[in-house]
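# Analysis of the macromolecular model
If you want the building blocks of each chain, they are given just below.
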Amino acid sequence: MKKVLLLTTLMLALTLPVLAADNNDRPRRQGPPPESLDACADLQAGDSCSFTCPVRGMEIEGVCVTSRRSDDLHCRPNDPPGGGRGKGRGKGRGNNRN
């Protein structure tokens, strides 16, 4: 019994640093996706916009707004997947309450 516990602890101790390193190697995107920026390239704040989501392949409709970190306009979705961070709740996963 002690050998099994010792081996399990040793295996965990050797694998956890590897798993932690994998998460740090992934680049983290900051700000709106490029497609969202391109959608408002020739528009003004408050104009309607749309772009195709590269991950889901679906058309996203929204409004051009100024980014928090810069003066760049981007297309903020009207109904963001997952509900977004704003006051309104989207119809994304887990937000289908009536």
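Source: prediction; values computed, not measured.

## So, the overall build of the protein
- A tally of helices and strands in the protein yields 2 helices and 3 strands.
- Tracing the protein from N to C terminus, the helices and strands come up as α-α-β-β-β.
- Looking at the protein residue by residue over its 98 residues, the buried ones come to 18%.
- Within the structure as shown, the protein displays about 8500 Å² of accessible surface, and the carbon and sulfur contribution to it stands at 54%.

## Concerning the state of the cysteines
- With the rule as written, the count across this model stands at 2 disulfides.
- The disulfide partner of cysteine 40 is cysteine 64, and the S-S distance across this bridge is 2.1 Å. What sets the handedness of the cysteine 40 and cysteine 64 disulfide is the S-S torsion sign, and at about -100 degrees it is left-handed. Highlighted residues: cysteine 40 in the loop between α2 (34–39) and β1 (48–52) and cysteine 64 in strand β2 (residues 59–66), separated in sequence by 24 residues. The residues cysteine 40 and cysteine 64 share a single accessibility class, namely buried.
- Covalent S-S linkage joins cysteine 49 and cysteine 75, the inter-sulfur distance amounting to 2.1 Å.

## Focus: the side chain of histidine 74
- Tracing the sequence through the fold places histidine 74 in strand β3 (residues 73–77).
- Classification of histidine 74 by relative accessible area gives buried; the value is 14%.
- At 3.2 Å, the side chain of histidine 74 forms a polar contact with the side chain of serine 67.
- Sequence-distant contacts of histidine 74, defined by excluding residues within four places in its chain, comprise Pro32, Ser36, Leu37, Cys40, Val63, Cys64, Val65, Thr66 and Ser67.

Calculation rules
- Residues numbered from 1 in each chain as written.
- Predicted model: local features only at pLDDT ≥ 70, side-chain atom pairs only at ≥ 80, totals over all residues.
- Heavy atoms only, no water.
- Helix = DSSP H or I, 4+ residues; strand = E, 2+ residues; numbered from the N terminus.
- Buried < 20%, exposed > 50% of the residue type's maximum accessible area, 1.4 Å probe, protein only.
- Areas by Shrake-Rupley, 256 points an atom, 1.4 Å probe, with all protein chains shown as cover.
- Disulfide = S-S within 2.5 Å.
- Polar contact = N/O pair within 3.5 Å; in protein donor to acceptor, adjacent residues only side chain to side chain.
- Contact = heavy atoms within 4.5 Å.

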